Amino acid sequence: MAHIAILGAGTGGMPAAYELRAALGPEHRITVINAVDYFQFVPSNPWLAVGWRKRSAITFPIAQYLRRRNIEFIARAVTKIDAAGNRLEMADGSSLSYDYLLITTGPKLSFDEVPGAGPDGGHTHSICTVDHAERTWAAYQEFLKDPGPVVIGAMPMASCFGPAYEFSFIVNTDLRRRRLRHKVPMTYVTSEPYIGHLGLGGVGDSKGLLESEYRNNDIKWITNARVTRVEAGKMFVTEVDAQGQTVKEHELPFKLSMMLPAFKGVDAVAAVEGLCNPRGFVLVDEHQRSKKYPNIYSAGVCIAIPPAEATPVPTGVPKTGYMIETMITAIVKNIAADIAGQPATAKGSWNAICLADMGTKGAAFVALPQIPPRNVNWFRMGRWVHWVKVAFEKYFIYKMKAGTSEPLYERYVLRALGVRRLES
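Residues numbered from 1 in each chain as written. Predicted model: local features only at pLDDT ≥ 70, side-chain atom pairs only at ≥ 80, totals over all residues. Heavy atoms only, no water.

Caption draft 1: Representation of the overall build of the protein chain within the structure. The helix and strand tally for the protein chain stands at 12 helices and 22 strands. At 21 Å, the protein chain has a C-alpha radius of gyration in line with the 22 Å of a compact globule built from 424 residues. Considered along the principal axes of its C-alpha atoms, the protein chain spans approximately 65 × 50 × 45 Å. Excluding contacts between residues fewer than 6 apart, the proportion of contacts in the protein chain whose partners are at least 24 apart in sequence is 65%. (Helix = DSSP H or I, 4+ residues; strand = E, 2+ residues; numbered from the N terminus. Rg over C-alpha atoms; globule rule 2.2 N^0.38 Å. Contact = heavy atoms within 4.5 Å.)

The following block contains the structure:
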């Protein structure tokens, strides 16, 4: 009997548990360990932050749903990974041994890299977690009583830009509905070299289409932006040129700011000797397996992927839902093969497929592969994208409660976007 421990219960960890249970016999033990006792559908956080969703609609308690599939659950933070001894140590002093470890923790949010940033003692808000999004919603309600300038964007070294674009358009839409938009100057501040770069070198006409939407909605922008510090009601930004030389120093006033931070690996993972790169992201081979520890696998935001290209202000590469799903499927196949004494052969996809809401419409892109040059380089906007994302939110949460082992992005999003047709 093998014991597989899954560290993290997000959009990677939960599907991994269900896929492993479907692939392995009941004699094998599966345990999910997560710092909190609930699942959160992170893509919905921009809606929660303006009151378009309630917490109860995008979260649910984990244990009861895993138990139905004979999967154990521990709601406890892991403080140390003894990779050589195949053991996890918990915050309460308990420990858990494993035969295989799957790391799907997501990132550590590095607000501390910019003085004055972040929701805990800083002056900017976040939508990276459901707790952060709720606090942003509370701040937004106060902001509506006396509106003023808004600054939204992404800090240097950020690798996830889609939610910042989403939030800027969603706030814009919400303010228009409230007849307050005329009182709110909006600026998008980003480390990207141009609007629509997305950490991917752009996708299709993402630059032109997103710039056009920002112009049409009176949203100004600063690209190649290095945020150096944040004070109460003021953000300090150095704008650089293509050579990284300073073009202009900005002091941006704001009454509300949401800035996505740079990511790093979580402490317990980053501390394992030989497991990670200098920023704490897990180094994996083409089979999603640690390069040093053959019984450790990893998928999602917590793995190391090189930047798409060198940029004047450093940017990382996003890991989208479809990519994470294919990584998980590859890991499940490779663990099953290893248990059976067979070599690993399955590989995850490095294709990027994304849905982004824009309030009343949305943007979708397909990058096959995600790093140029590509076989498919496709970017579209329309009301249909908004409704596809709304429906997918409900579909994903329903399937996570049902314990499905289906590839949800492949089954739903790819078909909704006509990706099979595009690939052919």
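There is more to say after this.
Caption draft 2: Main features of the sheet that holds strand β22 (residues 376–382). On the basis of which strands lie adjacent, the open sheet formed by three strands has the order β20-β21-β22 and antiparallel pairing. On the outer flanks of this sheet lie β20 (352–357) and β22, each paired with one strand and no other. In this sheet, adjacent strand axes meet at a mean angle of 5° when their direction is disregarded. As paired strands, β20 and strand β21 (residues 362–368) are joined by six bridges and run antiparallel to one another. Bridging across to β21, Ala356 finds its partner in Ala363. Lying over the sheet, helix α10 (residues 383–402) contacts β20, β21 and β22, oriented at roughly 95° with respect to β22. Sheet strands touched by helix α11 (residues 408–417): β20, β21 and β22. Its angle to β20, the strand with the most contacts, is close to 80°. (Pairing = 2+ DSSP bridges. Axes fitted to C-alpha atoms, helices over the stretch in contact; angles between N-to-C directions.)

Caption draft 3: Layout of α10. In this model, α10 (20 residues) spans 29 Å end to end at C-alpha, consistent with the 28 Å of a helix rising 1.5 Å per residue. Considered for burial, the residues of α10 that qualify are Val385, His386, Val388, Lys389, Val390, Phe392, Glu393, Tyr395, Phe396, Ile397, Lys399 and Met400. A positive backbone phi angle near 80° is found at Gly403, which sits one or two residues after α10. (Expected span 1.5 Å × (residues − 1). Buried < 20%, exposed > 50% of the residue type's maximum accessible area, 1.4 Å probe, protein only.)

Caption draft 4: Structural view of the packing of aromatic side chains. Summed over all chains, the structure comprises 16 aromatic pairs. Judged by centre distance (5.5 Å) and plane angle (50°), the rings of Tyr188 and Tyr214 are tilted. With Tyr188 in strand β12 (residues 186–189) and Tyr214 in helix α7 (residues 206–216), this residue pair connects regions lying 26 residues apart in the sequence. In this structure Tyr188 comes out as buried when scored by relative accessible area, which is 0%. Ring centres of Phe392 and Tyr395 lie 6.2 Å apart, and the angle between their planes is 40°; on these two criteria the pair is classed as tilted. One end of the pair, Phe392, and the other, Tyr395, are both in helix α10, three residues apart, so they sit about a helical turn from each other. Owing to a relative accessible area of 4%, Phe392 belongs among the buried residues under this scheme. Among the aromatic side chains, those forming a connected cluster through ring pairs are Phe39, Phe41, Phe60, Tyr65, Phe392, Tyr395, Phe396 and Tyr409. Over the ring of Phe236 we find Arg229, and its NZ or CZ is 3.6 Å from the ring centre. Across from the ring centre of Phe281, 5.0 Å away, lies the NZ or CZ of Lys319, which sits over that ring. (Phe/Tyr/Trp six-rings, centres within 6.5 Å; stacked < 30°, edge-to-face > 60°. Lys NZ or Arg CZ within 6 Å of the ring centre and 35° of its normal.)

Caption draft 5: View of the environment of Val189. Mapped onto the elements, Val189 comes out in strand β12. Judged by its relative accessible area of 0%, Val189 is buried. Separated by 38 residues in sequence, Val189 and Val227 place their C-alpha atoms 8.4 Å apart. Setting aside chain neighbours within four positions, we find Val189 in contact with Val151, Ile152, Gly153, Ala154, Ile222, Ala225, Val227, Val237, Leu252 and Met259.

Caption draft 6: The sheet that holds strand β6 (residues 78–82), seen in detail. Taken in spatial order, the three strands of this open sheet run β6-β7-β8, and their pairing is antiparallel. Strands with a single pairing partner mark the edges of an open sheet, and in this sheet they are β6 and β8 (95–97). Averaged over all neighbouring strand pairs, the angle between strand axes comes to 20°, with direction disregarded. Bridge count for β6 against strand β7 (residues 87–90) is four bridges, and the pairing is antiparallel. Within the sheet, the bridge partner assigned to Asp82 lies in β7 and is Arg87.

Caption draft 7: Spotlight on the side chain of Thr187. With respect to the helices and strands, the residue Thr187 is situated in strand β12. Given the relative accessible area of 17%, Thr187 is considered buried. Once residues lying within four places of it in the same chain are set aside, the contact partners of Thr187 are Val150, Val151, Ile152, Lys220, Trp221, Ile222 and Leu252.

Caption draft 8: Region of the structure containing the pairing of strand β2 (residues 29–34). Within β2, five of the six residues are buried, which leaves it mostly tucked inside the rest of the structure. Across five bridges, the pairing between strand β1 (residues 3–7) and β2 is parallel. Within the sheet, the bridge partner assigned to Leu7 lies in β2 and is Ile33. Note on the crossover from β1 through helix α1 (residues 13–23) to β2: the handedness is right-handed. Alignment of β2 against strand β5 (residues 72–75), held across four bridges, turns out to be parallel. For Thr31, the partnering residue across the bridge sits in β5 and is Glu72. (Right-handed = clockwise from strand over helix to strand, strands pointing away.)

Caption draft 9: Representation of helix α6 (residues 162–177) within the structure. Counted at 1.5 Å a residue, the expected span for α6 with its 16 residues is 22 Å, and the 23 Å between its end C-alpha atoms agrees. Of all the 16 residues making up α6, 12 are buried; the element is thus mostly covered by neighbouring parts of the structure. At the exit of α6 stands Arg179, carrying a positive phi of roughly 60°.

Caption draft 10: Representation of the environment of Trp378. Considering the arrangement of structural elements, one finds Trp378 in strand β22. On the basis of relative accessibility, which here comes to 9%, the residue Trp378 falls in the buried class. Distance in space between the C-alpha atoms of Trp378 and Ala364 is 8.2 Å, their sequence separation being 14 residues.

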